[in-house]
Amino acid sequence: MKSSVLSKLALLFVAAIISLGFLTGSTVIMNSPGGFNAGLTRAVGVSETTQGVLRLGSSSSCDSLDPAQSFNSWCAVVTRIYSRNLMAFAGAPGDRGLILTPDLVIAEPEFNSEKTIWSFTLRNDVFWSDGTPVTASDVKYSILRLFDDSLQSPISLETLCLFSSCTKGIPDYKGPYVDPTADLASIVVTDERNISFNLNRPYPEFSRLLAAPQFAPINQTRDVELRIAGLTYASNPASNGPFVLTVGEGEIQYSFLRNQNWTQESDGIRIPKVDSISWQVFADSDLTDQALLNGEIDLKINFGLGPTIRDEVLQDSAQRKLIDNPEMSFVNFLVINPQIAPLERVSCRKAIFYALDKADLQNIRGGSATAAVAHSMSPPTVLGFDNSYNPYPSGSDETGDIKRARESLADCGYPDGFQTNMTYVAIGIGKDIFLSVQKSLARVGIVVDPVEYANFAEYFSNGIGSPENLKSQSIGLAATGWGPDYSSALSYWAPIVDGRKIKTLANQNFAEINSDKINELLDALEVAETPAQAARLNKEIEVLVMGEASYLPYAVDRMVLYRPAQVTNVYVQIALGNQYDLVNVGIQRVTP
């Protein structure tokens, strides 16, 4: 089991290219190219028939085909092909993709006023590919196994403590592999269609948690049989979705064939447009790109276009119409520590906001194709995100507003600037980020000296994760980033701005923000009953956080996705890693 912090550290930007594909002996019907970013707001292309083979390619396999084990965000759209959840994100583009929909259950759950008891009723028409029904026992077993250390699930210990008693943050229950006779009384199977969860604390977003790919139920019988044979569930996962996964050994490593025991009537989320799906894994991105250019595959599935061809495609007006450039959920920002003089003065903090050259930082992260300048702290993948909100403009070219920076310095009593220390991790572009900040702030007299860390583990535990360390080393600035779990505004804001969560070590509220009003809004967000309420509260929290001027967002990473003209019904599912929703993608071809 890994913490959510380490899961966020595993977010790496990878890329490759897709071009038009042609099947041997067939002709592609050229659908509307849709236009640049069309797939962010609507499904592009229309399939006249439901048939054919969708050919996928990637430069790596999923880290695990067992949904419970996968850390890779892009694998969520892969497991969605053959697995289902109690609740799931809608099969739709844009904000509609953030809406929860009953999947394996007949309706929204029932819950008590404290939101500690949640009850679900499974549909009576959902089956595994062998014809056996999906049962409440399968659901319970799937959650029990998340506790086993050998599974190494990314589900955090804090989340597992919803179900189990915990000692010093470690669950007392160890999972069915360690002790098959042990049980979790908090999960009650009334009968094979009804299950209740008695949580150890209120958790208003429990339905959203259950929509995470790692909470997809697995087939208990299959798992037990595989373990007896010395195999893992990932080697041959069962299917209750529209396709059955087969792991091969030839050129096509994975095949997805229709599940004869799945029916469209049972599933309002997945509306498959093809008969089958193939998935070929190439040795690297360049080979994947070449396969796309040669028409050997239809879609690249582990992130987007690579740097070798990305800029060329973006500059081609015809090709640009086939590109979607979604923003990811991870916000890169600087912590401006109000505990260190003179940064306890809000005008001194605002001076840094205005002086920062965000354009240079964007270039360090790969340019506009792979990084969008961020103006606010809210991630683009939660309800309530407002792209127009920009409380600290950085000038028309995003290089900084030097005049306003100097005015803020005068307001805070340091018209000639001041000195502060900045900490960062010297891995990848970490030092480049520091040097950029140092250079841009020097324009207004702010001198920035380095405090360097060699690895992320120490950085987040004893470095910026220790308020005492920040004070003892007089660290006024720190480079970091954050993203939400399961596209939840609450999971994004609570760790970094809830004053009641400040810790002495591994602290995530880096700026030690402790505002009664923000805490009250977080409590309200916990009990928000509608998406509209959650969106409004997200916005209110963001305005207050930006008013603190303690977190300075500068960039949100982007991907460059390519949708060939023969691919239909293609859109970006922003709740599932900002990838194309593969299970609903079609192919439009005719035989000459």
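All of these numbers come straight from a predicted model, not from anything done at the bench. (Residues numbered from 1 in each chain as written. Predicted model: local features only at pLDDT ≥ 70, side-chain atom pairs only at ≥ 80, totals over all residues. Heavy atoms only, no water.)

Asker: Looking at this model, I keep getting lost on empty space enclosed by the protein. Mind explaining?
Answerer: Take a probe with the size of a water molecule and roll it over the atoms, and the empty space left behind shows itself. Summed over the entire model, instances satisfying the criterion amount to five cavities of 30 Å³ or more. The calculated volume of the largest cavity comes to roughly 100 Å³. The wall of the largest cavity is formed by Ala76, Thr79, Arg80, Ser83, Asn85, Ala88, Phe89, Ala211, Pro213, Ala216, Arg270 and Leu576. Top element by residues in the lining of the largest cavity is helix α2 (residues 76-82). It accounts for three residues. Here the residues of the lining of the largest cavity sort into seven nonpolar, three polar and two charged. (1 Å grid on protein atoms, 1.4 Å probe; cavity = no way out; pocket = protein on both sides within 12 Å on 5 of 7 lines; lining within 4 Å. Points joined across faces, edges and corners; volume = space filled by probe spheres on them. Helix = DSSP H or I, 4+ residues; strand = E, 2+ residues; numbered from the N terminus. Nonpolar A, V, L, I, M, F, W, Y, C, P; charged D, E, K, R; others polar.)

Asker: What is the right way to read the layout of surface pockets from this model?
Answerer: Counted as a void, the second largest pocket has a volume near 580 Å³. If you go around the second largest pocket, you meet 25 residues; those closest to its centre are Leu100, Arg208, Ala528, Glu529 and Thr530. Listed by contribution, the elements that provide at least two residues to the lining of the second largest pocket are α5 (206-210), α17 (516-526) and α18 (531-548). Residue composition of the lining of the second largest pocket, grouped by class: 15 nonpolar, four polar and six charged.

Asker: Is there a simple way to explain the state of the cysteines in this structure?
Answerer: As used here, a disulfide is simply a covalent bond connecting the sulfur atoms of two cysteines. This structure, assessed with the given rule, holds three disulfides. The disulfide partner of cysteine 348 is cysteine 412, and the S-S distance across this bridge is 2.1 Å. In this structure, the disulfide formed by cysteine 348 and cysteine 412 twists by about 85 degrees around the S-S bond and is classed as right-handed. Of this pair, cysteine 348 sits in helix α10 (residues 346-355) while cysteine 412 sits in the loop between α12 (402-411) and β18 (419-425), and the two are 64 residues apart along the sequence. (Disulfide = S-S within 2.5 Å.)

Asker: Teacher, can you tell me more about the sheet that holds strand β13 (residues 276-281) here?
Answerer: Whether parallel or antiparallel, the strands of a sheet pair through hydrogen bonds between backbone atoms. Read across the sheet, five strands follow the order β11-β12-β13-β2-β14 without closing on themselves; strand pairing throughout is mixed. Only two strands of the sheet have a single partner each, and these edge strands are β11 (243-247) and β14 (299-300). Across six bridges, strand β2 (residues 53-58) lies against β13 in parallel orientation. Considered in β13, the bridge of leucine 54 is made with isoleucine 277. (Pairing = 2+ DSSP bridges.)

Asker: Honestly, the pattern of salt bridges in this entry has me stumped. Any pointers?
Answerer: Where side chains of opposite charge bring their charged atoms close, a pairing between them can arise. The full count for this structure, using the stated rule, is 21 salt bridges. A salt bridge links arginine 500 to aspartate 523; the nearest nitrogen and oxygen atoms lie 3.0 Å apart. With arginine 500 in the loop between α16 (489-497) and α17 and aspartate 523 in helix α17, this residue pair connects regions lying 23 residues apart in the sequence. In this structure, glutamate 540 and arginine 536 form a salt bridge, with 2.8 Å as the shortest nitrogen-oxygen distance. Of this pair, glutamate 540 and arginine 536 both sit in helix α18, four residues apart, roughly one helical turn. With relative accessibility at 44%, the residue arginine 536 sits in the partly exposed group. Residues participating in the shared-partner salt-bridge network are Arg84, Asp103, Asp267 and Arg270. (Salt bridge = Lys/Arg side-chain N within 4 Å of Asp/Glu carboxyl O. Buried < 20%, exposed > 50% of the residue type's maximum accessible area, 1.4 Å probe, protein only.)

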